[in-house]
Amino acid sequence: MFRKVAKEIGLVDKPNLRKHHEGTVPLVGGIAVFCTIAQFISFHPDIILYSELFLASIAVLIIIGAFDDKYDISFKFRLIVQTVLTLIMMHITGLELNTIGDILGLGPLAFGLLAPVITILGVLGAINAFNMVDGIDGLLGGLSIVTFSGLAVILNINNQPNLVLLCTVIIVAIIPYVLMNLGLLSRKRRVFMGDAGSMMIGFTVIWLLLSASQNSDANIMRPVTGLWLIAIPLMDMIVVMARRIKQRRSPFRPDRDHLHHLCLRLGLTNIHTLLMICSMATLFAGFGIIGEIYQIPEAIMFMSFLVTFCVYALLLLKYWPQ
């Protein structure tokens, strides 16, 4: 239904120097996924704390994202909106990134007065990390499914059936999008997620991660585990932005230097690139889950992540084809 509306109002993605797809593709995947999530939460408001605020927040992101998809609005305006939403979230829910746990083996590290600033940076980072990986068919959907599946496993282990159900609903809502995005239901029915969907997914992920890792009463998940659940989007964003800054370009200026673009330049097909990156993400998420289940010391989990990130950054910054 949204595909037809999108073509009427011009909410479509057209090929250009940076986007090499064929024909105009409706940017309605995120809107459709949002409608499913909104409908479910509206009928089950107790599924998540502060459900009305959560719905209102992702609705704003969907609207701003849709305008960005159609009119290409300034990234500064998007960051302002995302920051305001984060401030409202912190004020009403009390959710903040207060601690990163015992990542040095010297006791839990708390941010204290810097917690609000760190939280804003964390939310902006998560939103834009998922936005940046949306570069080839199926990738954003695949990585999102990996992250929400990993979250569901950890939440299930810690007896959080409501949040497990919410993660499952999100996954089920994303699957039809992935099928249409990959053209498996006919190339004529292809759709893209758009900035609307990627921002909504990033915000939802960080909301759930903060809820699970920063609630001292529930103690559902250790903060370091969250790094492994979003490892690929997070590492790709940091490396790409570092490269742009090194080249004296805006860190928010789009280019074709993401991991998926580099894989394509090596000669991999779209589907091989998709399978390789999603497999890597699954291995990273699986390692994070194992660390959580067996309570591997946070310092070991964090150092392992740093080593993984350094290897990843070294390969992409120094030895990968430019």
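My aim in this report is to walk through the structure given alongside it, one point at a time.

## Brief notes about the overall build of the protein chain
Line of reasoning, step 1. In terms of regular secondary structure, the protein chain is built from 13 helices and 4 strands.
Line of reasoning, step 2. The C-alpha atoms of the protein chain give 19 Å as radius of gyration, which agrees with the globular expectation for 322 residues (20 Å, within 12%).
Line of reasoning, step 3. Seen along its three principal axes, the alpha-carbon backbone of the protein chain occupies a region of about 55 × 50 × 35 Å.
Line of reasoning, step 4. Expressed as a percentage of the 322 residues in the protein chain, the buried residues total 52%.

## A look at the packing of aromatic side chains
Line of reasoning, step 1. Inspection of every chain in the model, using the stated rule, returns 7 aromatic pairs.
Line of reasoning, step 2. Ring geometry for W228 against F287: centres 4.8 Å apart, planes inclined by 70°, an arrangement best described as edge-to-face. Taken together, the residues span a long stretch of sequence, with W228 in helix α9 (residues 223-229) and F287 in helix α12 (residues 270-293) at a distance of 59 residues.
Line of reasoning, step 3. The buried category is assigned to W228, whose relative accessible area is 3%.
Line of reasoning, step 4. Through pairs of rings, three or more aromatic residues link up here, namely W228, F284, F287 and F305.

## Quick word on the nonpolar core
Line of reasoning, step 1. The biggest cluster of nonpolar side chains holds 104 residues, and the ones touching the most others in it are F148, I201 and F203.
Line of reasoning, step 2. Aside from chain neighbours lying at most four places away, what touches F203 is F54, S57, I58, L61, M89, V123 and I127.

## Considerations on unusual backbone geometry
Line of reasoning, step 1. Despite not being glycine, Y50 has its phi angle at roughly 55°, a positive value.
Line of reasoning, step 2. You can see Y50 is positioned in the loop between α2 (29-43) and α3 (51-71).
Line of reasoning, step 3. We classify Y50 as partly exposed; its relative accessible area is 41%.
Line of reasoning, step 4. In this structure, Q295 is a non-glycine residue whose phi angle is positive, near 50°.
Line of reasoning, step 5. Note that Q295 resides in the loop between α12 and α13 (298-319).
Line of reasoning, step 6. Here Q295 falls in the partly exposed class, since its relative accessible area comes to 49%.

## Some words on the side chain of S211
Line of reasoning, step 1. Considering the arrangement of structural elements, one finds S211 in helix α8 (residues 194-213).
Line of reasoning, step 2. Residue S211 is classed as buried on the basis of its relative accessible area, which comes to 19%.
Line of reasoning, step 3. A polar atom in the side chain of S211 sits 2.8 Å from the backbone oxygen of W207.
Line of reasoning, step 4. Beyond its immediate chain neighbours, meaning those up to four positions away, S211 contacts L95 and I220.

Here is what the cut-offs are and how they apply
- Each chain has its residues counted from 1, following the order in which its sequence is written.
- Only residues with pLDDT of at least 70 are given local features in this predicted model, and only at 80 or more are side-chain atom pairs given and counted; all residues enter the totals for whole chains, interfaces and linings.
- Side-chain measures were taken over the full set of non-hydrogen atoms in the model, leaving aside hydrogen atoms and water.
- Starting at the N terminus, helices and strands are each numbered in turn, a helix being any DSSP run of H or I of at least four residues and a strand any DSSP run of E of at least two.
- C-alpha atoms define the radius of gyration, and 2.2 Å times the number of residues to the power 0.38 defines the globule rule.
- Each residue is assigned to one of three classes by its accessible area relative to the maximum for its type, calculated with a 1.4 Å probe on protein chains only: buried under 20%, partly exposed between the two thresholds, exposed over 50%.
- Any Phe, Tyr or Trp ring, taking Trp's six-membered ring, that has another such ring centre within 6.5 Å forms a pair; planes under 30 degrees apart are called stacked, those over 60 apart edge-to-face, and the others tilted.
- Grouping buried Ala, Val, Leu, Ile, Met, Phe, Trp, Tyr and Cys residues that are joined through side-chain atoms within 4.5 Å yields what is termed a nonpolar core.
- Two residues qualify as a contact provided that any one of their heavy atoms is within 4.5 Å of a heavy atom in the partner residue.
- For this analysis, a polar contact is any N or O atom pair within 3.5 Å, provided that within protein one partner can donate a hydrogen and the other can accept it, and provided that sequence-adjacent residues contribute only side-chain to side-chain pairs.

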